[in-house]
Amino acid sequence: MRPQGPEPLRVLFERVALPCAQRGTYGAWLGRWRLMAIDGSVLDIPDTPANDAEFGRSGGTRNPAPFPQVKIVGLGECGTHAVVAARLGPWRVDEGVLAKELVVDFEPGMLITADRGFYAYRLWEAAAATGADLLWRMPDGPHLPVVRPLKDGSYESFLLDPKVRGRRANQRHRGSRIEEPTGIPVRVVEYEVTNREGKGEIFCLITTITDPDEANAAELATAYAERWELESSLDAIKTHQRGRGGVLRSKSPDMIEQEIWALLLTHYAVRHLMCEAADQADIAPDRLSFIRSLRIIRRQVTDQAGFSPSASYEGS
């Protein structure tokens, strides 16, 4: 029986999509760590009953969005913009749920960055257990206690299990003796970013890298900013790679997933070629244009084709 549906392309992506930066690739490393990021996005898909039932849409029943949407959370290499792992789900699934499925793709030697929307105690705990190092932005609150200031302006702290925090609050309410604080040790980096209007925003990063001599606060803040490279990479798939129209083509859930895996495979292939070209030219991969690279590759593929796919299908 011939394989059908999304599985063949999903398996192919999982086998071939590996981090492609070499040790000499510019912008891909912080010391001994390969800079990685997790981020999420949504794709509009055709408005069919099957797609709507499977994936749902934003806006609720009173003001529904015009199209159903698929949610994607990807793990990408910051220096090359290559997406090396992904999980798909309905629009209503929280990004943190899909991110937890990505934890199996974390490896020692990676520094995984993530925005504040991904932080959760259990997710951090699971991600840290992989041996990868983490650099995540905390949401506004809870405020982290200063255990010991460090020479670079960062400080040692800990993450308190929400269950323990609730128990401590209950003890305080009852007037009982409060337990000594325990939790997951972290190092905290805080800094202010000024926007175009001159207003400041405080960033609070937590990391598993405890030694400032390995990566100081300024280096970690710079590394966190590289997280945006994955966001721009997902945006390139949405706005440039799939062409005009903005909505995927497939009418059924299986074919929607197949189409997305095909997009991710193609994106990885383009990024891998761009990385090789940048290494040969001794420049950073992000100095190369994804749009121009995509156009060149499309022309080459068209020039080398030995038959017209349209004519082939018409005669079948």
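Rules behind the numbers
Here the residue numbering is sequential within each chain, running from 1 through the sequence in written order. Residue-level local features of this predicted model are given only where pLDDT is at least 70; pairs of side-chain atoms are given and counted only at 80 or more, and the full residue set underlies all totals for whole chains, interfaces and linings. Excluded from the side-chain calculations are hydrogens and water; all other atoms, namely the structure's heavy atoms, are used. Under the DSSP-based scheme used, a helix requires at least four consecutive residues in state H or I and a strand at least two consecutive residues in state E, with every element numbered from the N terminus. Here the term buried applies to any residue with accessible area under 20% of the maximum for its type, exposed to any over 50%, and partly exposed to those in between, with areas from a 1.4 Å probe on protein chains only. Contact between two residues is taken to exist if any of their heavy atoms lie within 4.5 Å; hydrogens are not considered. Each accessible area is a Shrake-Rupley result for a 1.4 Å probe, and residues are judged covered by the shown protein chains and nothing else. This arc is built from the directions going out from the helix axis to the C-beta atoms. Any pair of nitrogen or oxygen atoms within 3.5 Å is treated as a polar contact; in protein, a donor-acceptor pairing is required on top of that, and neighbouring residues in sequence qualify only through side-chain atoms on both sides. Any helix carries an expected span of 1.5 Å times its number of residues minus one. Note on bend: at a given residue it equals the angle between the axes fitted to the 7 residues ending there and to the 7 starting there. The charged-residue count follows a simple rule in which Lys and Arg add positive charge and Asp and Glu add negative charge, with His and chain termini not counted at all. We define a salt bridge as a side-chain nitrogen of Lys or Arg found within 4 Å of a carboxyl oxygen belonging to Asp or Glu. Any two cysteine sulfur atoms within 2.5 Å of one another count as a disulfide. Residues belong to a common nonpolar core when they are buried Ala, Val, Leu, Ile, Met, Phe, Trp, Tyr or Cys residues joined through side-chain atoms within 4.5 Å.

Colleague: Explain the overall build of the chain here, please?
Modeller: Check the secondary structure of the chain and you find ten helices and ten strands. The buried share among the 316 residues of the chain stands at 44%. Taking all contacts inside the chain whose residues are at least 6 apart in sequence as the whole, residues at least 24 apart take part in 63%. When the accessible surface of the chain is split by element, carbon and sulfur atoms take 51% of a total near 17,400 Å².

Colleague: When you look at helix H6 (residues 217–225) in this model, what are you seeing that I'm missing?
Modeller: Among the residues making up H6, those that are buried are Ala217, Leu220, Ala221, Ala223 and Tyr224. The buried side chains of H6 occupy one side of the element, clustering within an arc of 160° when seen end-on. For H6, the exposed residues set more than 90 degrees away from the buried face come down to Ala218 and Thr222. In this structure, the buried side of H6 is in contact with strand E1 (29–30), strand E2 (33–44), strand E5 (110–114), strand E6 (133–137), strand E9 (184–194) and strand E10 (200–207). Among the residues of H6, the N-terminal cap falls to Asn216, whose side-chain oxygen and the backbone nitrogen of Ala218 are separated by 3.1 Å.

Colleague: It is not clear to me how the environment of Ile72 should be interpreted in this structure. Could you clarify?
Modeller: If you trace the backbone, Ile72 turns up in strand E3 (residues 69–77). For the pair Ile72 and Leu88, spaced 16 residues apart in sequence, the C-alpha to C-alpha distance is 4.8 Å. Sequence-distant contacts of Ile72, defined by excluding residues within four places in its chain, comprise Asp39, Gly40, Ser41, Leu43, Ala86, Arg87, Leu88 and Ile260.

Colleague: Please clarify how helix H7 (residues 228–241) should be interpreted in this entry.
Modeller: At 3.6 residues per turn, the α-helix brings residues three or four places apart onto the same side. Across its 14 residues, H7 extends 19 Å between first and last C-alpha, which sits within 8% of the 20 Å expected from 1.5 Å per residue. The largest bend along H7 measures about 30° and falls at Asp235. Within the span of H7, buried status applies to Glu229, Leu230, Ser233, Leu234, Ala236, Ile237 and Gln241.

Colleague: Help me out: how do you make sense of the environment of Val16 in this one?
Modeller: Along the polypeptide, Val16 turns up in helix H1 (residues 7–16). A C-alpha to C-alpha distance of 8.8 Å links Val16 and Tyr268, two positions 252 residues apart in sequence.

Colleague: Explain the side chain of Ser293 here, please?
Modeller: Structurally, Ser293 can be placed in helix H9 (residues 290–304). For Ser293, a relative accessible area of 15% gives the class buried. Residues contacting Ser293, with those up to four places away along its chain left out, are Val270 and Met274.

Colleague: How should I be thinking about the side chain of Lys71 in this particular structure?
Modeller: Secondary-structure assignment places Lys71 in strand E3. Buried charge Lys71 goes without a salt bridge, the closest partner of opposite sign being Glu95 at 5.5 Å. Here Trp91 takes part through its backbone oxygen, which lies 3.0 Å from a polar atom of the side chain of Lys71. Here Val93 takes part through its backbone oxygen, which lies 2.9 Å from a polar atom of the side chain of Lys71. When neighbours within four sequence positions are excluded, Lys71 is seen to be in contact with Ser41, Val42, Arg87, Leu88, Gly89, Pro90, Trp91, Val93, Glu95 and Leu98.

Colleague: What is the right way to look at the pattern of salt bridges in this model?
Modeller: Pairing between side chains of opposite charge can happen when the charged atoms of each approach one another. Counted according to the given criterion, the structure contains 18 salt bridges. Of the charged contacts in the structure, one is a salt bridge between Glu7 and Arg10, with a shortest N-O distance of 2.5 Å. Remark: Arg10 and Glu7 occur in helix H1; sequence separation between them is three residues, near one turn of the helix. According to the relative accessible area criterion, Arg10 is partly exposed, its value standing at 22%. As a salt-bridge pair, Arg87 and Glu101 come within 4.0 Å of each other at their nearest N and O atoms.

Colleague: Just checking my understanding: could you explain the state of the cysteines for this structure?
Modeller: Simply put, disulfide is the name for a covalent bond between the sulfur atoms of two cysteines. If you walk through the whole model with that rule in mind, you get zero disulfides. In this structure Cys20 is not part of a disulfide, and its nearest cysteine sulfur, from Cys275, lies 4.4 Å away. Cys20 sits in the buried class, given a relative accessible area of 6%.

Colleague: Help me out: how do you make sense of the nonpolar core in this one?
Modeller: Nonpolar side chains in soluble globular proteins tend to be buried together. Ranked by internal contacts, the top residues of the largest apolar core, which has 74 residues, are Ile38, Ile112, Trp136, Leu159 and Ile206. Residue contributions to this core peak at eight residues, all from helix H8 (residues 253–281). Core analysis: the second largest hydrophobic core is formed by five residues, Ala236, Val270, Met274 and Phe290 among them.

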